[in-house]
Amino acid sequence: MSNDALRHQLTEVLALASEQMADIAAVQRKQAELTASGTVADGMVEVTVNAAGHLISTVIDESYLDEYDFEELSGHITEAAQTAARAAAARVADLMAPLTDRRTHFPSLADVIDGAPDIRDLLPRALEPFAENRPNKPRHDNDSAADTAFPTVRR
């Protein structure tokens, strides 16, 4: 292969990599803001999770005990959290789909430069820093509740 052909092929690979990195940064920004909620018990229990599925908010309607037994609460919270985590995972998968698709179009860099790593194996690792799963700050209805670990009760 001529030097011009190699240069052209390498330029294409670098352009794809640059575009992929820009899109990864955009996905990371969207993931940092992504939340999903799950509700159960006729809407009386609502939880919100972040993109990593970490619980960031729990709201229990104050009339919950009029309809349900206290012993059912933990099960309802768990069910709502699982629903919210599945929704968050689906939204993250939707965000990642274009990146995953583009990754399949990358040529092997080793085909262009002997001994070079396969760039397709390197790109997914760019998302690993987000895997630290930093939880979002919990929502609170008033400032006095900000220091408590207890769920918010709707009034």
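Structure's up top.
Cut-offs applied
Sequence order as written defines the numbering, with residues in each chain counted from 1. With pLDDT at 70 or above as the cut-off, local features in this predicted model cover only qualifying residues; side-chain atom pairs require 80 or more to be listed or tallied, and sums for whole chains, interfaces and linings still use all residues. Processing note: side-chain calculations cover all non-hydrogen atoms of the structure and skip hydrogens and water entirely. By definition, any uninterrupted DSSP run of H or I lasting at least four residues is a helix, any uninterrupted run of E lasting at least two residues is a strand, and each is numbered from the N terminus. Any two residues whose heavy atoms approach within 4.5 Å at even a single point are treated as in contact. Areas reported as accessible are Shrake-Rupley estimates using a 1.4 Å probe. Residue values count occlusion only from the protein chains shown. Throughout, exposure labels follow a simple rule: accessible area from a 1.4 Å probe, protein chains only, divided by the maximum for the residue type, with under 20% read as buried, over 50% as exposed, and the rest as partly exposed. What counts as a ring pair is set by centres within 6.5 Å for rings of Phe, Tyr and Trp (its six-membered ring), and what kind of pair is set by the plane angle: stacked under 30 degrees, edge-to-face over 60, tilted for all other angles.

A.B. asks: Tell me about the overall build of the protein, residues and numbers included.
C.D. replies: Looking only at helices and strands, the protein has five helices and four strands in total. Going residue by residue from the N terminus, the α and β elements of the protein occur as α-β-β-β-α-α-α-α-β. Within the protein, contacts between residues at least 6 apart in sequence are counted, and of these 61% link residues at least 24 apart. Summing over all exposed atoms, the protein offers an accessible surface of approximately 9900 Å²; the carbon and sulfur share of this is 52%.

A.B. asks: Before we move on, can you summarise unusual backbone geometry with the specific residues and values?
C.D. replies: Phi is mostly negative for residues that are not glycine, and the peptide bonds are mostly trans. Look at A41: it is not a glycine, yet its phi comes out positive at around 55 degrees. With respect to the secondary-structure elements, A41 resides in the loop between β1 (35-40) and β2 (45-50). Owing to a relative accessible area of 10%, A41 belongs among the buried residues under this scheme. Phi at D42 takes a positive value of approximately 55 degrees, unusual for a residue other than glycine. Among the structural elements, D42 can be located in the loop between β1 and β2. Judged by its relative accessible area of 70%, D42 falls in the exposed class.

A.B. asks: Any chance you could break down the environment of L16 for me, citing the residues and the numbers?
C.D. replies: Mapped onto the elements of the fold, L16 is located in helix α1 (residues 3-33). A relative accessible area of 24% means that L16 is categorised as partly exposed.

A.B. asks: Provide a residue-level description of the packing of aromatic side chains, including the pertinent values.
C.D. replies: For the structure on display, the rule yields one aromatic pair. Taken together, a centroid distance of 5.2 Å and an interplanar angle of 20 degrees make the contact between Y64 and Y68 stacked. One exposure class covers both Y64 and Y68, and it is buried.

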